[in-house]
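Commentary on secondary and tertiary structure
Spelled out from the first residue to the last, the chains are:
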Amino acid sequence: MKFTRCAALATSLSKSTSLRQQLLRRLLPPLCLLFSLSGINSYYQAFKTANEAYDHWLADSVNSLSQLLSWHEGRASFIFPNGAQRMFEWDDTDKTYFHVAGSQSGNLAGDPISRPASVIVNQLGKVQLFDATFKTEVIRVAVLNVSAPQGGESVEIIVAETQHKRNDLARKILLDSLFPLIVLILVAICVVWFELSRALTPIHTVARSLENQTHLSLDRIDDTVLPSEVHPLTHALNDLLDRLRTALLTQRRFIADAAHQLRTPLTGLKLNVDDALRETTWAGAEPIMRQAQISADQLVRLTNQLLFLARAEPDTTRTRFKPVDLIALVFETGAQWVPRSLEKGVDLGFEAPEGLGLIIQSDDVMLKEAIANLIDNALRYAGAGARVTLEVRRFDAQTAVVSVEDNGPGIPEHERHAVLQRFYRGEGTQSHQLTGTHGSGLGLSIVKEVVQTHGGQLQIDTGRDGAGAKISMLLPLLTINPSL
Ligand SMILES: Nc1ncnc2c1ncn2[C@@H]1O[C@H](COP(=O)(O)OP(=O)(O)OP(=O)(O)O)[C@@H](O)[C@H]1O
Ligand SMILES: [Mg+2]
């Protein structure tokens, strides 16, 4: 992983909050909204209930006062029995006022209170109820209009009281109804908190088991104890662990093979040097030194191949890609091999369609190395007097093909998969004609790696006329020259 990505991951981790906190943060606003709505509703209901209870008392009082009216020739008189006024004075909390007035007789009893001009807030029988302000206090006013039985004046009876008792009752009802709601919300939060902690316990267990793993164990996570919601994560982690285990195993095997391969030419080199040191004349030492030179060459080539493979990680190489003229690149690489093919007595040819420009997105150094490995194989295994042809052409609208063909012994079909493995050398290399073709079995693995990095395909076929080997790299084209 790149350091920039690690930094981004670290930042995002430091920003992340716990699941409990996230859940609470999401649950709290709707719970508070529910609490507020329920509070408003309870407050409204509490007031309604309190008003209803006390409005009935006011209406009863007004009706009682109306019973004290008497009529004489259409005019009203009001006789308030001694002590009856105390029924309006018993209350310590609220002040009660009353007023009885006839349309013709005027004030009959009580303090003058005029009928409020506000809207009716309640109606109980013939009694109308209003809210009003009297002597700077908010009061509830009950009004009853009574008319003389056989015509005459009408009498207005008003009883009013301040609203302290109503407010106290409403507040009490409100608190009584909100308390269980507060308890319910607190219990819900506690249940969520503890249940979540319980549900997360297996995750901690898995985390501990992961912490105890080393790069040598990398065992799969047992997710049977985990909630099914976490399974996609554990499956992905298990896949990653599998891939890591395979990659580590491959890497370990590669290092062991590489060490083994390096040991052979190194041992040869050491023996040569020891032998050469024992010689007393240059004539005696020279053939041994020539052998040492071959071993050193092998070592240099092997080391370069190993370094190349180590560097050919798809992630890092693609950043070096740029548009490359494929025909020019293959021609240039082939030209570098002409002296070697002349030396070996091999006829090296190049074929490409005239005037065709094939552009691919590529790392030219890597691609040249792959082509060089194919030419090297063809020269080595086809041997002296052979014919080797380098060809570049368009395969289809999106693909170009680079092939190296020879008329040598070819690669038997049953070996075509195996020769792509690292350190695999073909059975034919042991044969009499091919002794002296030193190699480590890395050339075709390098070609395969390069082709894969380019998003292409590698094909091994028999050459023309059913003889020799034809190895083709199919590479995705960037553009095709319109002059085609
Ligand atoms: N053109 C060819 N004709 C016949 N056999 C071939 C050809 N190219 C490859 N092979 C076979 O495939 C095997 C693997 O080739 P590869 O290039 O990977 O390794 P190598 O040539 O043995 O060693 P080096 O690492 O030096 O290239 C060879 O040992 C050889 O048997
Ligand atoms: Mg090779």
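Residues numbered from 1 in each chain as written. Chains lettered and ligands numbered in written order. Predicted model: local features only at pLDDT ≥ 70, side-chain atom pairs only at ≥ 80, totals over all residues.

A few words now on the overall build of the protein chain. Broken down by element type, the protein chain carries 10 helices and 15 strands. Compactness check: the protein chain gives a C-alpha radius of gyration of 51 Å against a globular reference of 23 Å for 484 residues, more than 25% above the reference. If one aligns the C-alpha atoms of the protein chain with their principal axes, the spans along those axes are about 160 × 60 × 35 Å. When burial is assessed residue by residue, the protein chain has 23% of its 484 residues classed as buried. Across the protein chain, the fraction of contacts at a sequence separation of at least 24, relative to all contacts at a separation of at least 6, is 65%. (Helix = DSSP H or I, 4+ residues; strand = E, 2+ residues; numbered from the N terminus. Rg over C-alpha atoms; globule rule 2.2 N^0.38 Å. Buried ≥ 20, exposed ≤ 12 C-beta atoms within 10 Å, placed from the backbone. Contact = placed C-beta atoms within 7 Å.)

On to the environment of phenylalanine 308, then. Residue placement: phenylalanine 308 occurs in helix α5 (residues 282-311). Of the residues examined, phenylalanine 308 has 18 C-beta atoms within 10 Å and is grouped as partly exposed. Through-space distance from the C-alpha of phenylalanine 308 to that of arginine 380 is 21 Å; in sequence the pair is 72 residues apart. Every residue in contact with phenylalanine 308, bar those within four places of it in the chain, is listed here: Glu369 and Ile446.

Backbone geometry places phenylalanine 423, a non-glycine residue, at a positive phi of 70°. Position of phenylalanine 423 relative to the elements: it lies in the loop between β13 (399-406) and α10 (443-453). Of the residues examined, phenylalanine 423 has 16 C-beta atoms within 10 Å and is grouped as partly exposed.

For ligand 1, the set of nearby residues contains 24 residues, the closest of which are Asn377, Gly426, Gly439, Gly443 and Leu444. With four residues, helix α9 (residues 364-382) is the single largest residue contributor to the shell around ligand 1. Its residues placed into classes, the shell around ligand 1 shows nine nonpolar, 13 polar and two charged. (Near = placed C-beta within 6 Å. Nonpolar A, V, L, I, M, F, W, Y, C, P; charged D, E, K, R; others polar.)

This brings us to the nonpolar core. Grouped together as the largest cluster of nonpolar side chains are 37 residues, with contacts concentrated most on Leu326, Ala370, Leu374, Ile375, Ala378, Val388 and Val447. Listing elements by their share of this core, those giving two or more residues are α7 (326-336), β11 (358-362), α9, β12 (387-396), β13, α10 and β15 (469-480). The dominant element in this core, judged by the number of residues it contributes, is α9, at 10 residues. Residues in contact with alanine 370, not counting those within four places in the same chain, are Ile446, Val447, Val450, Val451 and Met473. Val100, Ala142, Leu144 and Val146 belong to the second largest nonpolar core, which has 23 residues in total. (Core = buried A, V, L, I, M, F, W, Y, C linked by C-beta atoms within 7 Å.)

Their axes nearest at 10 Å, the elements α7 and α9 cross at an angle of 50°. Relative to α9, the element α7 is oriented oblique. α7 and α9 meet at a crossing whose hand is right-handed. Counting all contacts with α7, which are made through Leu329, Val330, Thr333 and Gly334, the residues of α9 involved are Asp364, Leu367, Lys368, Ile371, Ala372 and Ile375. Among the residues forming the contact of α7 with α9, the class breakdown is six nonpolar, two polar and two charged. (Axes fitted to C-alpha atoms, helices over the stretch in contact; angles between N-to-C directions. Parallel < 35°, antiparallel > 145°, perpendicular 65-115°, else oblique. Left-handed = near helix turned anticlockwise from the far one by under 90°.)

Where strands meet in a sheet, backbone hydrogen bonds hold them as pairs that are either parallel or antiparallel. With respect to topology, six strands assemble into an open sheet ordered β4-β3-β8-β7-β6-β5, the strand pairing being antiparallel. What marks the edges here is a single partner per strand, and that holds for β4 (106-110) and β5 (120-124). Direction aside, the axes of adjacent strands within the sheet are offset by 25° on average. Two elements, strand β3 (residues 96-102) and β4, share four bridges in a ladder whose sense is antiparallel. Across the sheet, the residue bridging to valine 100 is alanine 109, located in β4. (Pairing = 2+ DSSP bridges.)

Moving on, we come to helix α2 (residues 19-66). Think of an α-helix as 3.6 residues a turn; residues three or four steps apart then line up on the same face. An ideal rise of 1.5 Å per residue puts 70 Å on 48 residues; α2 measures up with 69 Å between its terminal C-alpha atoms. Of all bends in α2, the biggest is about 25°, found at leucine 28, and the proline proline 29 comes one to four residues later. For α2, the complete set of buried residues consists of Ala46, Ala50, Asn51, Leu58, Ala59, Ser61, Val62 and Leu65. In this structure, the buried residues of α2 make contact with β3, β5, β6 (127-134), β7 (137-147), β8 (154-162) and α3 (164-211). (Expected span 1.5 Å × (residues − 1). Bend = angle between axes of the 7 residues up to and from the residue.)

Attention shifts here to the packing of α5 against α10. At a closest axis distance of 10 Å, the pairing of α5 and α10 adopts a crossing angle of 25°. One way to sum up the angle between α5 and α10 is to call them roughly parallel. You can see that α5 and α10 cross each other, and the crossing is left-handed. Across the interface between the two elements, Gln305, Phe308 and Leu309 from α5 touch Ser445, Ile446 and Glu449 from α10.

Taken together, the five bridges between strand β10 (residues 347-351) and β12 define a ladder with parallel strand orientation. Along β12, the bridge assignment pairs glycine 349 with threonine 389. Where β12 lies against β13, eight bridges are found, and the strand directions are antiparallel. Paired with leucine 390 across the strands is valine 404, a residue of β13. Counting the residues between successive antiparallel strands, the hairpin from β12 to β13 contains two residues.

Overall, the predicted model of the protein chain reaches an average pLDDT of 85, with 92% of residues at or above 70. With pLDDT under 50 throughout, residues 1-14 is counted as low confidence; its partners more than four residues away or in other chains account for one contact. (pLDDT = per-residue confidence, 0-100.)

Between its first and last C-alpha atoms helix α4 (residues 231-278) spans 70 Å; for 48 residues at 1.5 Å apiece the expected length is 70 Å, and the two agree. Within α4, only four of the 48 residues are buried, which leaves the element largely exposed. Where α4 is buried, its residues touch α5.

Before going further, it helps to examine the environment of arginine 220. Tracing the backbone shows arginine 220 in the loop between α3 and α4. In this structure, the C-alpha to C-alpha distance between arginine 220 and leucine 240, residues 20 residues apart in sequence, is 9.4 Å. Among all residues touching arginine 220, those that are not within four sequence positions of it are Asn238 and Leu241.

Bringing the pairing of strand β1 (residues 69-72) into the picture now. In this sheet, strand β2 (residues 75-78) lies alongside β1 in antiparallel orientation, the contact comprising four bridges. Along β2, the bridge assignment pairs histidine 72 with arginine 75. Between β1 and β2, which pair antiparallel and follow one another directly, the connecting turn spans two residues, one of which, glutamate 73, has a positive phi of 50°.

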